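# Coordinate inspection notes
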Amino acid sequence: RTGDAIYYAPKREKPGTRAGSRAAGDMTLYNLSVPEVGSVTKPMPFTRAHRTINVYVKGLNDPAGITVEAHNPWKSYDFYFRNLDQKCSLTQQTAPTERNGITYEHAGFHSGYGPIEPDMEVVVIPGSNPVMKTTVNLEEFIRDNNLTELDIINILIEYGDLGVTVSVPTWPIKPIEPGQ
């Protein structure tokens, strides 16, 4: 892996269309000229176009599986990464992953990057008892844990004898270097 992908979207002329139309046979969105000799240097600002929400579950051993839903993340954005006032719901079955020698169930979501709003939440649903849901409001989670870096939001949900604990995982995050 070499790190996170960078996502771009062509500017929308109006909802549902892009600059350049496949229907009209015009596939040209951008032109780039490269000189035969020398180079052209132009600074380009990069911005993250998506947010990653990782949910790690520990202590909920359900043979019927675990489903995690992300409610109301941003769905899409234009070329300038402005949200288009569209939200969605995403669903994923967890898969085992290991961190520091401990196995967790994991679900990861990628959504448009935008402000965190009060209606955004993740819900953990055990397959054998879908009534026993655990809901985490993202806005409250971010505020309660004093998170300032919102590109990647990691949530650890631990089930134990005394109930459910929701926290930020404490394992070290190893940066991915180019070529890894």
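Preceding this section is the structure that the text describes.
Quick caveat, the model's predicted, so the values are computed rather than measured.

So, on to the overall build of the chain. Counting secondary structure elements, the chain contains one helix and nine strands. Of all 180 residues assigned to the chain, the portion counted as buried reaches 32%. Carbon and sulfur atoms make up 52% of the accessible area of the chain, which totals about 12,100 Å².

A few words on the pattern of salt bridges. Scanning the entire structure with this criterion turns up four salt bridges. Note that Glu158 and Lys58 form a salt bridge whose closest N and O atoms lie 3.7 Å from each other. Note that Glu158 is positioned in strand β8 (residues 152-160) and Lys58 in strand β1 (residues 50-58), a separation of 100 residues in sequence. By relative accessible area, Glu158 is classed as partly exposed at 25%. We note a salt bridge from Arg143 to Asp144, for which the minimum N-O separation is 3.9 Å. Here the salt bridges do not stand alone but share partners, grouping Lys87, Glu117 and Asp119 into one network.

What follows is about unusual backbone geometry. Of note in the backbone geometry, Asn72 takes a positive phi value of approximately 65° without being a glycine. Non-glycine residue Asn146 carries a positive phi angle of around 50°. Structurally, the position occupied by Asn146 is in the loop between α1 (138-144) and β8. With a relative accessible area of 66%, Asn146 lands in the exposed category.

This part takes up the pairing of strand β4 (residues 95-99). Side-chain positions along a regular strand alternate between the two faces of the sheet. Here β4 runs beside strand β5 (residues 102-112); their pairing, made up of five bridges, is antiparallel. Opposite Ala95, over in β5, you have His106 as the bridge partner. What sits between β4 and β5 in their antiparallel hairpin is a turn of two residues, with Asn100 showing a positive phi close to 50°.

The final tally for this structure, using the stated rule, is three aromatic pairs. Ring geometry for Tyr56 versus Tyr104: centroids 6.4 Å apart, planes at 75°, classification edge-to-face. With Tyr56 in strand β1 and Tyr104 in strand β5, this residue pair connects regions lying 48 residues apart in the sequence. Note on accessibility: Tyr56 and Tyr104 belong to one class, buried. A ring pair is formed by Tyr56 and Trp171, whose centres lie 4.9 Å apart and whose planes are at 85°; its orientation type is edge-to-face. Here Tyr56, found in strand β1, pairs with Trp171, found in the segment after β9 (163-167); they are 115 residues apart in sequence, far enough to count as distant. With respect to burial, Tyr56 and Trp171 carry one shared label: buried.

Thresholds applied
Residues numbered from 1 in each chain as written. Predicted model: local features only at pLDDT ≥ 70, side-chain atom pairs only at ≥ 80, totals over all residues. Heavy atoms only, no water. Helix = DSSP H or I, 4+ residues; strand = E, 2+ residues; numbered from the N terminus. Buried < 20%, exposed > 50% of the residue type's maximum accessible area, 1.4 Å probe, protein only. Areas by Shrake-Rupley, 256 points an atom, 1.4 Å probe, with all protein chains shown as cover. Salt bridge = Lys/Arg side-chain N within 4 Å of Asp/Glu carboxyl O. Pairing = 2+ DSSP bridges. Phe/Tyr/Trp six-rings, centres within 6.5 Å; stacked < 30°, edge-to-face > 60°.

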